[in-house]
2 protein chains.
Amino acid sequence: MHRVKVKVVEDALDANETIARANRDDFDRAGVTVVNFMGAPGAGKTALLERVIGELGVSAGVLEGDVQGSLDADRLASLHVPVVQLQTSQGFGGECHLDANMVRSALPSLQLDPLDLLVIENVGNLVCPAEFRVGEDARVMVSSVTEGEDKPLKYPLMFRACELVVLNKIDLLPYVDFDVEKFLARLETVHPGVACLQVSARTGEGMEAWREWLARLPGRRMVSA
Amino acid sequence: MHRVKVKVVEDALDANETIARANRDDFDRAGVTVVNFMGAPGAGKTALLERVIGELGVSAGVLEGDVQGSLDADRLASLHVPVVQLQTSQGFGGECHLDANMVRSALPSLQLDPLDLLVIENVGNLVCPAEFRVGEDARVMVSSVTEGEDKPLKYPLMFRACELVVLNKIDLLPYVDFDVEKFLARLETVHPGVACLQVSARTGEGMEAWREWLARLPGRRMVSA
């Protein structure tokens, strides 16, 4: 029974990998750099995009993954960047992550050619999004200080499967029991050398570094290709 | 392809339902009332248990679900209540929820007979835990004010599939943009009439009501049986 399950899962991940490569080919043809943006529910993913997506100096679009509703897509659409909503509720009670096929199904709704950067905001979850590549160039995960400094140890795959960790809501540090040094040490344990930006989408602290990281991504990718 | 997937998922949920009933039979035989305790990563599930689990006046135990590690189980074990750790990382990169079979695999490690109440702390996630019953009598979900007032609309199944919503971290209300009335109105939309306790595990506010809700559960169940 367990072996059957493992086999089904392996097949699903293999199929996902194939479709992710097809997505990647399309992204390459269009010359668009793609970020898979992950984090727990309420970590501040949409708020972090709201803050910078309209001011990157590169042409950016957003693919917004949600179980249901279009609250986040509506927030971002008001910033006059192209936003496509992708709902996962068709699945069963709702898929807890985006996979390559879901992203692929949204591509016809997106004009890729004019874009330099596409940010794919994943479903809020610290487990499964890390297991499914969608054809992205880079993965960013958001962790907020209100979630606790133990999170890298509890969800190591997520903290390992990313090129950048954004530590959000640092404006709340005086009011919560969160030791930044302890968090960084634990992060270093599970993902040595990964970059970490300490920010607050609410107060704007650290937004310049975050904006620059995103804005430079298309260029960085071209350099490394 | 989509139909095959739906069929696989339906079969999985059917199998889960069968095992959940077997768990329930075992719980009934032992006379233990079982709570499935759910919420996002960092919502404060473990902190809420730490606050009251040793002072319920009924004999309580905890089954602690985590992707990896035993940080939460260690915290609770120090309170001298029986705690069994259940790690989901054997699955593939780690299961994002507990299912009935995982709970069943842990039952031999638990002495059910002496217990009045068993709290099963699920994996931090607002999607899949709501889809898998594990044989519980009641489901409680924790939402924290730092996650935002939009969560009932974004994860409606989770907010619907519970008998109690605990709104945690209300000590942070002065420092975040969270409108309690708006949250309650949205909760009422997706789950009319559900009870909601406003609490802070950090300051202790609302802990008496939370303690009483848990302590009375075995009695309430006996009344309704």
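Residues numbered from 1 in each chain as written. Chains lettered and ligands numbered in written order. Predicted model: local features only at pLDDT ≥ 70, side-chain atom pairs only at ≥ 80, totals over all residues. Heavy atoms only, no water.

1. Structural notes on the relation of the copies chain B and chain A
With an RMSD of 0.0 Å, the fit of chain B onto chain A corresponds to turning through 180° and sliding 0.0 Å along the axis. The symmetry that links the two subunits is that of a two-fold axis. Closest to the rotation axis within chain B is the C-alpha of Asn125 of chain B, separated from it by 2.9 Å. Interface residue correspondence from chain B to chain A reaches 100%, placing this contact among same-surface, isologous pairings. (Least-squares fit on C-alpha atoms with pLDDT ≥ 70 in both. Contact = heavy atoms within 4.5 Å.)

2. Observations regarding the pairing of strand β7 (residues 195-198) of chain A
Residue and element names in this part refer to chain A. Bridge count between strand β6 (residues 164-168) and β7: 4 bridges; the pairing is parallel. Looking at β7, one finds that Val165 is bridged to Cys196. Handedness of the β6-helix α7 (residues 180-190)-β7 crossover: right-handed. (Pairing = 2+ DSSP bridges. Helix = DSSP H or I, 4+ residues; strand = E, 2+ residues; numbered from the N terminus. Right-handed = clockwise from strand over helix to strand, strands pointing away.)

3. A word on unusual backbone geometry
Residues and elements named next belong to chain B. Phi angles above zero are rare outside glycine, and His80 is one such case at about 65°. Considering the arrangement of structural elements, one finds His80 in the loop between α3 (71-77) and β3 (83-87). Its relative accessible area of 74% is what places His80 among the exposed residues. With a phi close to 65°, Lys169 is a non-glycine residue in the positive phi region. Residue position: Lys169 is located in the loop between β6 (164-168) and α7 (180-190). According to the relative accessible area criterion, Lys169 is buried, its value standing at 11%. (Buried < 20%, exposed > 50% of the residue type's maximum accessible area, 1.4 Å probe, protein only.)

4. Quick look at the sheet that holds strand β2 (residues 60-66) of chain A
Residue and element names in this part refer to chain A. On the basis of which strands lie adjacent, the open sheet formed by 7 strands has the order β3-β2-β4-β1-β5-β6-β7 and parallel pairing. If you trace the sheet from one side to the other, it starts and ends with β3 (83-87) and β7, each paired once. Sheet twist, expressed as the mean angle between neighbouring strand axes with direction ignored, is 20°. Strand contacts of α7: β5 (138-144), β6 and β7, with the helix running at about 160° to β7, the strand carrying the most contacts. (Axes fitted to C-alpha atoms, helices over the stretch in contact; angles between N-to-C directions.)

5. A word on the pattern of salt bridges
Counted under the stated rule, the structure contains 32 salt bridges over all chains. The partner of Lys154 of chain B in a salt bridge is Asp66 of chain A, and the shortest N-O contact between them spans 3.5 Å. Taken together, the residues Lys154 of chain B in helix α5 (residues 151-154) and Asp66 of chain A in strand β2 connect one chain to another. A single burial state applies to Lys154 of chain B and to Asp66 of chain A, both of which are buried. Salt-bridge contacts for Glu149 of chain B lead to Lys182 of chain B; the nearest nitrogen and oxygen are separated by 3.9 Å. Within this pair, whereas Glu149 of chain B is found in the loop between β5 (138-144) and α5, its partner Lys182 of chain B is found in helix α7, the two being separated by 33 residues in sequence. On the basis of relative accessibility, which here comes to 15%, the residue Glu149 of chain B falls in the buried class. (Salt bridge = Lys/Arg side-chain N within 4 Å of Asp/Glu carboxyl O.)

6. Examining the interface of chain B and chain A
At the interface, 43 residues of chain B touch 43 residues of chain A. Carbon and sulfur atoms supply 60% of the area that chain B and chain A bury against each other, a total of about 3,600 Å² over both sides. Scanning the region where chain B abuts chain A turns up 6 salt bridges. Scanning the region where chain B abuts chain A turns up 13 residue pairs in polar contact (both at pLDDT 80 or more). Where the side of chain B that touches chain A is concerned, the elements lending two or more residues are α1 (2-30), α3, α5 and α6 (156-160) of chain B. Broken down by element, the residue count for the side of chain B that touches chain A peaks at 4 residues, all from α1 of chain B. (Buried area = accessible area lost by both parts, 1.4 Å probe. Polar contact = N/O pair within 3.5 Å; in protein donor to acceptor, adjacent residues only side chain to side chain.)

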